[in-house]
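Here's the letter readout for the chains.
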Amino acid sequence: MPSYTRSKAILAKNSKYIPGGVVSVNRVASPEITFVKAHGAYMWDADGNRYIDYHAAFAPHFLGHNDPHVTQAVHQVLQQGASLYGSGTTLLEGQLAEMICEHVPSVESVQFLNSGSEATYQAIRLARAVTERDHIIVIQGGYNGWHNDVSCNLMTPLADLGLRVSPGEYPYRPISAGIPIDHQKLVHIVNFNDLDSVRYVCEKYPIAALLTEPILQNIGIVKPEPSFLTGLRALADEFGFILIFDEIKTGFRHAIGGYASIAKVMPDLVVFGKAVANGYPIAVIGGKRRLMDFFAHSDPSKRVLLAGTYNAHPLPTIAAIATIERLLMNDGEVYRHVETLGARMQQGIEQIVSALGLCAVVARQGSAFCMYFMDHEPKDWHDLAEHHDFGLDTRMRKNLIEQGIYFFPVPVKQCSISAAHTEEDIVLTLEQIKQALARAAN
Ligand SMILES: Cc1ncc(COP(=O)(O)O)c(C=O)c1O
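From a predicted model like this one, the values you see are computed outputs, not experimental measurements. (Residues numbered from 1 in each chain as written. Predicted model: local features only at pLDDT ≥ 70, side-chain atom pairs only at ≥ 80, totals over all residues. Heavy atoms only, no water.)

Draft legend 1. Fine view of the nonpolar core. In this structure, Ile100 and Phe252 are the most contacted members of the largest nonpolar core, which totals 103 residues. When residues in this core are grouped by element, the largest group, seven residues, is from helix H11 (residues 314-328). In terms of nonpolar packing, the next biggest core, distinct from the first, is built from 25 residues, Tyr54, Leu341, Ala360 and Val362 among them. (Core = buried A, V, L, I, M, F, W, Y, C linked by side-chain atoms within 4.5 Å. Buried < 20%, exposed > 50% of the residue type's maximum accessible area, 1.4 Å probe, protein only. Helix = DSSP H or I, 4+ residues; strand = E, 2+ residues; numbered from the N terminus.)

So, in structure tokens, the structure goes:
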């Protein structure tokens, strides 16, 4: 058993000054490990234990921690004396905006924010302004940030959800205190892959927007059925709501054009974050110019307030430019590399579970994967909550961490391979998965 003595002492000290000792509730994890250094595919904790990292800080580190090309670009910009000027436009924000508009098919115009939550907040506000409607649809099992519209129905316990509802909607189940009841009434929750329920809600309420991750990546990898995203596009056109893809996790990790470019379905608005700048804090909202122009509407009563002291700060902005440069190098070599490693990982895990006689499947999109201890890939949260063996999943993750492989220790959390992982890392990881699973299953 590795020692976590120093890790625990740091948490105890920090808890005196920070509620709970940790600055994001989503980072609270057991075992309580304090990381002090990371490079490429590896992280080290305060007690000197090394881990091969598949958590990637909830997915931004697509190139690996501290990618040399990105780090060098950041150093260079600092040496050149760049600062946050807070007045007028900048060369860097223009350069990044042009790159994104050039490479993302659904984006004609962009704005920059600091976090994914800010981006989903602004996308919903923009949709409400454009449509002059208040109600929105979000997906059970999706995570879209911390604000009132979306702090709900993530991993809702089955006992709370009850029987599958279709066509229909689930009650709003807040995952935060402090959300006004009146606000909750504007948010309608339906299952992923359930077009009938989207239609049902649209026939009952004036819907401004539907916001969805194109693959649910906060409950593993729950993929859209072939007709789901095209069906959403058709319903958006029929009912006049704004279709927003939350590509905070999928965007840039699966393709620079986002998962929309793979699925060939164009949303009206899209938000990106995380892998956009390989770990630096920046988020993007983009889409059709006719909608985006509401951020600069000549009529103040129609203008949507988008502001922020730190928007397009030079460090995350240059980090995003350097990340895109890396992703474009050698005709997308990074994507071919992670696909090879992802396929190797999937094949290896499938052999292990079959040799151990376990009921399990691997769901994967390129570099992102998740093991489900059930006999089919889940089609939505309800399916997953009903059939997955959460106990086995938790035990496997804890064993892996003891063995130096960092899968985030919460069941059904997606794993991320980065460009910095090697074939050897995958082989070593598979050996450890075999042992961890054998221990967990007994
Ligand atoms: C799909 C998705 N949307 C939005 C967010 C919120 O992003 P942030 O944590 O940067 O506010 C997250 C964060 O995990 C996410 O996974």
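Draft legend 2. Molecular detail of the pairing of strand E3 (residues 50-53). Relative to E3, strand E2 (residues 42-45) is paired through three bridges, and the arrangement is antiparallel. Across the sheet, residue Tyr42 finds its bridge partner in E3, namely Ile52. Counting the residues in the hairpin turn of E2 and E3 gives four residues, including Gly48, whose phi is positive at 90°. In the sheet, E3 pairs with strand E13 (residues 405-406) via two bridges, with the strands oriented parallel. Bridge pairing in E13 places Asp53 opposite Tyr406. (Pairing = 2+ DSSP bridges.)

Draft legend 3. Structural context of empty space enclosed by the protein. Taken as a whole, this structure holds two cavities of 30 Å³ or more when the rule is applied. A volume near 40 Å³ is recorded for the largest cavity. Every residue lining the largest cavity is listed: His55, Phe58, Ala59, Lys249, Phe408, Lys413, Gln414 and Ser416. Of the residues assigned to the lining of the largest cavity, the class counts are three nonpolar, three polar and two charged. Here the second largest cavity defines a volume of roughly 30 Å³. As for the second largest cavity, its lining consists of Gly40, Ala41, Asp53, Ala56, His61, Gly64, His65, Ser416, Ser418 and His421. (1 Å grid on protein atoms, 1.4 Å probe; cavity = no way out; pocket = protein on both sides within 12 Å on 5 of 7 lines; lining within 4 Å. Points joined across faces, edges and corners; volume = space filled by probe spheres on them. Nonpolar A, V, L, I, M, F, W, Y, C, P; charged D, E, K, R; others polar.)

Draft legend 4. Inspection of the site of the ligand at higher detail. The environment of the ligand is formed by Ser115, Gly116, Ser117, Tyr143, Asn144, Gly145, Glu213, Asn218, Asp246, Ile248, Lys249 and Lys274. The contact in question runs from an oxygen atom of the ligand to an N or O atom on the side chain of Asn218, over 3.0 Å. In the complex, 84% of the free accessible area of the ligand, which totals 390 Å², lies under the protein chains. (Near = heavy atom within 4 Å. Polar contact = N/O pair within 3.5 Å; in protein donor to acceptor, adjacent residues only side chain to side chain. Areas by Shrake-Rupley, 256 points an atom, 1.4 Å probe, with all protein chains shown as cover.)

Draft legend 5. Fine view of the confidence of the model for the protein. For the protein, per-residue confidence averages 98 on the pLDDT scale, and residues scoring 70 or more make up 100% of the total. When pLDDT is averaged over each element of the protein, strand E7 (residues 207-212) comes out on top at 99 and helix H5 (residues 158-161) at the bottom at 92. (pLDDT = per-residue confidence, 0-100.)

Draft legend 6. Structural detail: unusual backbone geometry. In this structure, the amide linkage connecting Ser30 to the following residue, Pro31, adopts the cis form with an omega of 5°. Within the fold, Pro31 resides in the loop between helix H1 (5-14) and strand E1 (35-39). Here the amide bond leading from Ser166 into Pro167 is cis, since omega sits at -5°, within 30 degrees of zero. Position of Pro167 among the secondary structure elements: in the loop between H5 and helix H6 (181-184). Its identity is not glycine, yet Asn153 carries a phi of approximately 45°, on the positive side. Among the residues examined, Asn153 registers a relative accessible area of 1% and is labelled buried. Of note in this structure, Asp331 is not a glycine but carries a positive phi near 55°. For Asp331, the location among the structural elements is in the loop between H11 and helix H12 (333-356). A relative accessible area of 68% places Asp331 in the exposed class.

Draft legend 7. The environment of Leu216, seen in detail. With respect to the helices and strands, Leu216 occurs in the loop between E7 and helix H8 (228-239). As a C-alpha pair, Leu216 and Ser298 span 82 residues in sequence and 37 Å in three-dimensional space. Those residues within four positions of Leu216 in sequence are excluded, and the remaining contacts are Ile139, Gln140, Gly141, Gly142, Phe192, Ile221 and Val222. (Contact = heavy atoms within 4.5 Å.)

Draft legend 8. Spotlight on the pattern of salt bridges. Within the structure shown, the criterion is met by 15 salt bridges. Of the charged contacts, one joins Asp67 and Arg326 as a salt bridge, the two residues approaching to 3.3 Å between their closest N and O atoms. You can see Asp67 sitting in the loop between E3 and helix H2 (68-79) and its partner Arg326 sitting in helix H11, a full 259 residues away along the chain. Comparing Asp67 with Arg326, the two get one shared label, buried. Glu238 is the partner of Arg199 in a salt bridge, and the nearest nitrogen-oxygen pair spans 2.9 Å. With a gap of 39 residues between them, Arg199 in helix H7 (residues 195-204) and Glu238 in helix H8 connect regions that are remote in the sequence. Linked by salt bridges that have partners in common, Arg233, Asp237, Asp268 and Lys288 make up one network. (Salt bridge = Lys/Arg side-chain N within 4 Å of Asp/Glu carboxyl O.)

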